[in-house]
Amino acid sequence: MTTHRFRIALLYGAAISGFLLPLAITWHAIREQTRQHLLAQAEDLATSVLRSAEMVSDQSVSAIQSIEQHRIDTPCDDQSVTLMRQELIRNKLLQDVGYIKDNWLRCSALLASPHDLGPFDYHSAIGNQVRVHLWHPLVPTIRTMALTHAESGYTVFVHPDLLLDMLPKGEASQIALVNISNQKVVMTRGPMAADAHLGQVTRAQAFVELKDERVRVWKPSSRYDFGALVTVPAEVLASELHRQFVWMVFMALGASGVLAWVLFRIARITQSLPTEFKQALKRHDELFLVYQPIVDTRSGDWVGVEALLRWRRQNGEHVAPDLFIAMAERRGLIKLVTEKVMFLLSQDMPRMLAVHPRLQMAINVCAEDLKCPGIVDRFQALIAQLGVPATQIHVEITERVAVDIDQSIDNVRRLHALGIKVSLDDFGTGYSSLTYLATLEPDQVKIDRSFVAAIGKGLVTSHVVDHVIELGHRMHLDMVAEGVETQQQADYLRARGVQWAQGWHYAKPMPVSAWLEQYRRPNTAAPLTPVPA
């Protein structure tokens, strides 16, 4: 009972871990994914700002150079103003084109009267005068910036939003266009101080930085004296992580809920399985036998069968034999299982013996069965009921649990005395196979399917089957190979003197009705006797 409660506790512990562990792993993954997403987003934003700034600069240079080519002596005469208007129309990113002298806007494509603009803010690397914080004289509510050719005085006006309008409203990220030579912020969008975070800004070297949960990206222009700086503050990452976390919790709750439900169902099934199985042992419609043919490797004739118990619940669901047999062993129900198998065998065998009187019958017994005082008497009763020689009955000793030799040897000797054949099942994989050979004195060994599966595959275990076969020959034991699935395996075993085999290459386990339908009477219906190697 203590072990059972421990298993249930493990299942519920797994359910809790199934919620917390995926949550922790997912949180770490989402945190890293969010950081990388913000880095990529900042890089894209910096690239867009830089591209826009370069396009505006290209049009600004083009407009000023085009006017200067005409070498006009009077910059504000009709011809000059007409050229300004033409360039304004031609270069759609410009806000205005004009002429500045002594800090006065003397004329422009849009203005006829002069306006005092005040001193410029700084010189660019090539000597142009830059005015950053201006209000357009024609519409004082609209911001503008002016770039003036130092020698000619011709000027272009640009709306700052043309450079920075790619940042959505309400976005907390900060973008700026920075003059490299004097480390000044030309224009900005977002709460960035005029000289903030410019220590690493250089013409030649771009950088991407993630420090203290803050993202910074710098991309300098290869053609102009400026670059784009994008900063995503820590609170943006925190906000995004919070949003992702809420989504993640809902997803994790859903996934963990499904997992918890599955584990709960398993726990319920595990708890109720023994009770259901006890009832199944009493009923006549849930437990039944299937029979896997045992084949003579030389002729291919069906010479025997292994009886295998199956459980089909009343709702039609099949329970895996490994599950209910192991449970029966833990709960002390295995004796009842063996009794049920012998009862079902006594019901099926008369029909099978009617078409194959010398059919060999293999029945699995476990360590607990061998200690039972009445096991030999039950086999003796079965032989009498079927009316067959004891030599047609094979008792296969399974090694799921170690056999207590001292308590089992007397029953094994009594089975031998009756003439019943004793076989070691899954030979080579259990607890003490070599010890059993010496003490239990079996008549037969069954070569485990894991060794058969390695035949012809060049695996480390490929040669184990040869050693088992050699040992069987030396001890004059009959051999049955389990799990034969290919013609190559069948040929290999036959060539090395393995007398009998079973597996899907020959036939799958089947109900008695299917066995009767598929059975083909062999040319020589001989009992299982050793075949010369």
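The sections below set out a description of the structure shown in this document. Starting afresh in each chain, residues are numbered from 1 along the sequence in its written order. The predicted nature of this model means local features are confined to residues of pLDDT at least 70 and side-chain atom pairs, given and counted, to a pLDDT of 80 or more, with totals for whole chains, interfaces and linings taken over all residues. For side-chain calculations, the full set of non-hydrogen atoms in the structure is used, while hydrogens and water are omitted.

1. Concerning the overall build of the protein
When helices and strands are tallied, the protein shows 14 helices and 21 strands. Residues classed as buried in the protein amount to 47% of the 533 residues present. In this analysis, two residues are considered to be in contact whenever any of their non-hydrogen atoms come within 4.5 Å of each other. Considering only contacts within the protein whose residues lie at least 6 apart along the sequence, 61% involve residues at least 24 apart. Note on areas: Shrake-Rupley, 1.4 Å probe, and residue coverage restricted to the protein chains presented here. Here the protein displays about 27000 Å² of accessible surface, and carbon together with sulfur accounts for 55% of that area. The way it works is that DSSP assigns letters per residue, a run of H or I at least four long becomes a helix, a run of E at least two long becomes a strand, and they are numbered from the N terminus. Accessibility here uses a 1.4 Å probe with only protein chains present; expressed as a share of the type maximum, an area under 20% marks a residue as buried, one over 50% as exposed, and anything in between as partly exposed.

2. Details of the state of the cysteines
The term disulfide is used for any two cysteine sulfur atoms that are within 2.5 Å. For the structure shown, the criterion picks out one disulfide. Across the disulfide from Cys76 sits Cys107; the S-S distance is 2.0 Å. Because the torsion about its S-S bond is -90 degrees, the bridge between Cys76 and Cys107 counts as left-handed. Of this pair, Cys76 sits in the loop between helix H1 (2-68) and helix H2 (78-90) while Cys107 is found in strand S2 (residues 104-108), placing the two residues 31 residues apart along the sequence.

3. Remarks on the layout of surface pockets
Here a cavity denotes grid points, spaced 1 Å and computed from the protein atoms alone, that fit a 1.4 Å probe unable to get out, and a pocket denotes an open set having protein on both sides within 12 Å along at least 5 of 7 lines; residues with an atom within 4 Å of a point are the lining. Grid points are joined across faces, edges and corners, and a volume is the space filled by probe spheres set on the points. Size it by volume and the second largest pocket reaches roughly 420 Å³. Looking at the second largest pocket, it is lined by 23 residues, and the ones nearest its centre are Ser57, Val130, Leu147, Tyr224 and Phe226. For the lining of the second largest pocket, the elements supplying multiple residues, two or more each, are H1, strand S6 (143-148) and strand S8 (174-179). Here the element with the most residues in the lining of the second largest pocket is H1; it accounts for five residues. Basically, the charged four are Asp, Glu, Lys and Arg, the nonpolar ten are Ala, Val, Leu, Ile, Met, Phe, Trp, Tyr, Cys and Pro, and anything else, Gly included, counts as polar. By residue class, the composition of the lining of the second largest pocket is 16 nonpolar, five polar and two charged.

4. Some points on a positive patch on the surface
Each patch is assembled from residues with relative accessible area greater than 30% and no salt bridge, linking like charges that lie within 9 Å and nonpolar side chains (Val, Leu, Ile, Met, Phe, Trp, Tyr) that lie within 5 Å. Here, a salt bridge means any Lys or Arg side-chain nitrogen found within 4 Å of an Asp or Glu carboxyl oxygen. Charged residues are defined here as Lys and Arg on the positive side and Asp and Glu on the negative side; His and the ends of the chain fall outside this count. In this description, the location of a charge corresponds to atom NZ of lysine, CZ of arginine, CG of aspartate or CD of glutamate. Where like charges cluster on the molecular surface, the positive patch consists of Lys278, Lys282, Arg330 and Arg331. Residue classification places Arg331 among the partly exposed residues on the basis of a relative accessible area of 38%.

5. A look at the packing of helix H6 (residues 334-355) against helix H8 (residues 375-386)
To define axes, lines are fitted to C-alpha atoms, for helices over the stretch in contact only, and angles between the resulting N-to-C directions are given on a 0 to 180 degree scale. Two numbers describe how H6 lies on H8: the axes approach to 10 Å, and their chain directions differ by 20 degrees. By the angle class used here, H6 and H8 are roughly parallel. Here H6 and H8 pass one another in a crossing that is right-handed. Mapping the contact onto sequence places Thr338, Glu339, Met342, Leu345, Ser346, Met349, Pro350 and Leu353 in H6 and Ile375, Arg378, Phe379, Leu382, Gln385 and Leu386 in H8. Note on terminology: angles under 35 degrees are roughly parallel, angles over 145 are roughly antiparallel, angles of 65 to 115 are roughly perpendicular, and the others are oblique. Less than a right angle of anticlockwise turn of the near helix away from the far helix marks a crossing as left-handed, whereas a clockwise turn marks it as right-handed.

6. Focus: helix H12 (residues 464-474)
Of all the residues in H12, the buried ones are Val465, Val468, Ile469 and Gly472. Seen from one end, H12 has its buried residues packed into an arc of 100 degrees, which puts them on one side. Residues His467 and Arg474 are exposed on H12 and point more than 90 degrees away from its buried face. Summarising the contacts, the buried residues of H12 are in contact with strand S18 (421-427), strand S19 (444-447), helix H11 (449-453), strand S20 (478-481) and helix H13 (487-495). Where H12 terminates, the next one or two residues include His476, which has phi positive at roughly 55 degrees. Relevant arc is that of directions from the helix axis to the C-beta atoms, nothing else.

7. Let's talk about the packing of aromatic side chains
Note on ring pairs: Phe, Tyr and Trp rings are taken, using the six-membered ring of Trp, and paired if centres are within 6.5 Å. Classes follow the plane angle, with under 30 degrees stacked, over 60 edge-to-face and the rest tilted. Counted under the stated rule, the structure contains eight aromatic pairs. Plain terms: the ring middles of Trp302 and Trp515 are 6.2 Å apart, the flat faces sit at 40 degrees to each other, and that makes the pair tilted. Placement of Trp302 in strand S14 (residues 302-312) and of Trp515 in helix H14 (residues 512-518) is noted, with a sequence separation of 213 residues between them. One exposure class covers both Trp302 and Trp515, and it is buried. Joined through ring pairs, the aromatic side chains of Phe277, Trp311 and Phe324 make up one cluster. Across from the ring centre of Tyr492, 3.5 Å away, lies the NZ or CZ of Arg496, which sits over that ring. To sit over a ring, a charge needs its Lys NZ or Arg CZ within 6 Å of the ring centre and within 35 degrees of the ring normal.

8. A few points about the nonpolar core
Membership of the largest hydrophobic core comes to 80 residues, with the highest contact counts inside it found for Phe277, Tyr291, Val337, Met349, Phe379, Ile447 and Leu493. Of the residues forming this core, the biggest block, nine residues, is contributed by H6. Excluding residues that lie within four positions of it along the chain, Leu493 makes contacts with Val452, Ile455, Val465, Ile469, Ala481, Val484 and Val498. If you look at the next biggest cluster of nonpolar residues, it comprises 40 residues, including Ala46, Leu88, Val186 and Tyr224. Residues enter a nonpolar core if they are buried and are Ala, Val, Leu, Ile, Met, Phe, Trp, Tyr or Cys, with the set joined through side-chain atoms within 4.5 Å.

9. Comments concerning the pairing of S18
Within S18, five of the seven residues are buried, leaving the element largely enclosed by the surrounding structure. In the sheet, S18 pairs with S19 via three bridges, with the strands oriented parallel. Bridge pairing in S19 places Phe427 opposite Ile447. The pairing criterion is simple: DSSP has to find at least two bridges between the two strands.

10. Section: the sheet that holds S6
Pairing is antiparallel across the open sheet formed by seven strands, whose spatial order is S3-S2-S1-S7-S6-S5-S4. Edge positions in the open sheet fall to strand S3 (115-116) and strand S4 (122-123), since each of these has one partner strand only.

11. Comments concerning helix H9 (residues 405-418)
Side chains three or four residues apart in an α-helix point the same way, a direct result of the helix having 3.6 residues per turn. The terminal C-alpha atoms of H9, which comprises 14 residues, lie 20 Å apart, in line with the 20 Å expected from a rise of 1.5 Å per residue. Those residues of H9 not exposed but buried are Ile405, Ser408, Ile409, Asn411, Val412 and Leu415. Once H9 ends, the next one or two residues include Gly419, with phi positive near 105 degrees. Expected helix span is computed as 1.5 Å times (number of residues minus one).

12. With respect to a nonpolar patch on the surface
On the surface, Leu110, Leu138 and Val139 cluster together to form a nonpolar patch covering roughly 230 Å² of accessible area. Inspection of the secondary structure assignment puts Leu110 in the loop between S2 and S3. Residue classification places Leu110 among the partly exposed residues on the basis of a relative accessible area of 43%.

13. Comments concerning the environment of Gln36
Structurally, Gln36 is set in helix H1. With 179 residues separating them in the primary sequence, Gln36 and Val215 have C-alpha atoms 9.7 Å apart.

14. Section: the environment of Asp491
By the secondary structure assignment, Asp491 is in helix H13. Spatially, the C-alpha atom of Asp491 lies 9.4 Å from that of Arg298, the residues being 193 residues apart in sequence.

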